[in-house]
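Chains, contacts and geometry: an overview
For reference, the chains in residue letters:
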Amino acid sequence: MQTVLITGANRGLGLEFCRQYAAADYQVIAACRHPNQAEQLAGLAKQYPRIQIETLDVADFSQIDALATKLADRKIDVLLSNAGVYGDQADRGFGQLDYQTWANVLAVNVMAPLKLAEAFLPNVQCSDKRLIVALSSLMGSTTDNTSGGSILYRSSKAGLNAALKSLSIDLRLTAVGVLILHPGWVRTDMGGPNGLIDVEESVSGMRELIDNFSLADTGRFIKYDGSALPW
């Protein structure tokens, strides 16, 4: 039985990843900031006892280290960094940028996935799948950016892409893979009600890419449907 660790597991894409992986007989380590408020996740864990809920604020790196210590003897086949924040506000664009919020967005969206990779690399290395996955966004593509705006979020996802591309090169010789996924425009709290797809379709597509991953794919930036995306 394989194991997946999922951050931001209490809602949206993270919750759906937990649902689908548990249904596929994975051991699921579901991490979120406030498990006592995560009613849907708690209900899912009752349905699937193989879901283990852990407290984790990815912006608090001491919590990441503590969880890695707690799980030191566990193999983690897929380390899935799903937790993320948007940060941009309509009235705080260029000229009125909120730099403290920007720093938090960078901490959560860029630094936390790399910190998670550092902390849990031994767990991944001793597993069968040996895969680090992070959810990025097409909004991190400089090539695709023709509309401007969303400076905080765009810069964070572009930074994440660059960091993970480097990580994929650094880890390739150790046979640990890195996959950078764009979930599509999904109807979630972050994506809003006008998204083009639902969470079930997005997560099903991303799970297929994860299931079929080979080291030849490491470092790729891919949409949920398998299409390659421009940097």
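Residues numbered from 1 in each chain as written. Predicted model: local features only at pLDDT ≥ 70, side-chain atom pairs only at ≥ 80, totals over all residues. Heavy atoms only, no water.

In the structure shown here, the tally under the stated rule is five aromatic pairs. Taking the centre distance of 5.1 Å and the plane angle of 45° together, the rings of Tyr 86 and Tyr 153 count as tilted. Here Tyr 86, found in the loop between strand S4 (78–81) and helix H4 (99–125), pairs with Tyr 153, found in helix H5 (residues 151–172); they are 67 residues apart in sequence, far enough to count as distant. On the accessibility criterion, Tyr 86 (30% relative accessible area) is partly exposed. Looking at Tyr 153, the relative accessible area reads 8%, which means it is buried. (Phe/Tyr/Trp six-rings, centres within 6.5 Å; stacked < 30°, edge-to-face > 60°. Helix = DSSP H or I, 4+ residues; strand = E, 2+ residues; numbered from the N terminus. Buried < 20%, exposed > 50% of the residue type's maximum accessible area, 1.4 Å probe, protein only.)

Now for the nonpolar core. In summary, soluble globular proteins display a tendency toward joint burial of nonpolar side chains. Counting 36 residues, the largest nonpolar core has Val 28, Leu 80 and Ile 210 as its most contacted members. Looking at this core, the elements with two or more residues in it are strand S1 (3–7), helix H1 (12–23), strand S2 (27–32), helix H2 (39–47), S4, strand S5 (131–135), strand S6 (177–182) and helix H6 (199–211). Of all the elements, H1 adds the most residues to this core, at six residues. Here Ile 210 is in contact with Phe 17, Tyr 21, Val 78, Leu 80, Lys 129, Leu 131, Val 133, Leu 179 and Leu 181, once residues within four sequence places are set aside. Formed by 30 residues, the second largest nonpolar core is a distinct cluster that contains Ile 76, Val 108, Leu 167 and Phe 221. (Core = buried A, V, L, I, M, F, W, Y, C linked by side-chain atoms within 4.5 Å. Contact = heavy atoms within 4.5 Å.)

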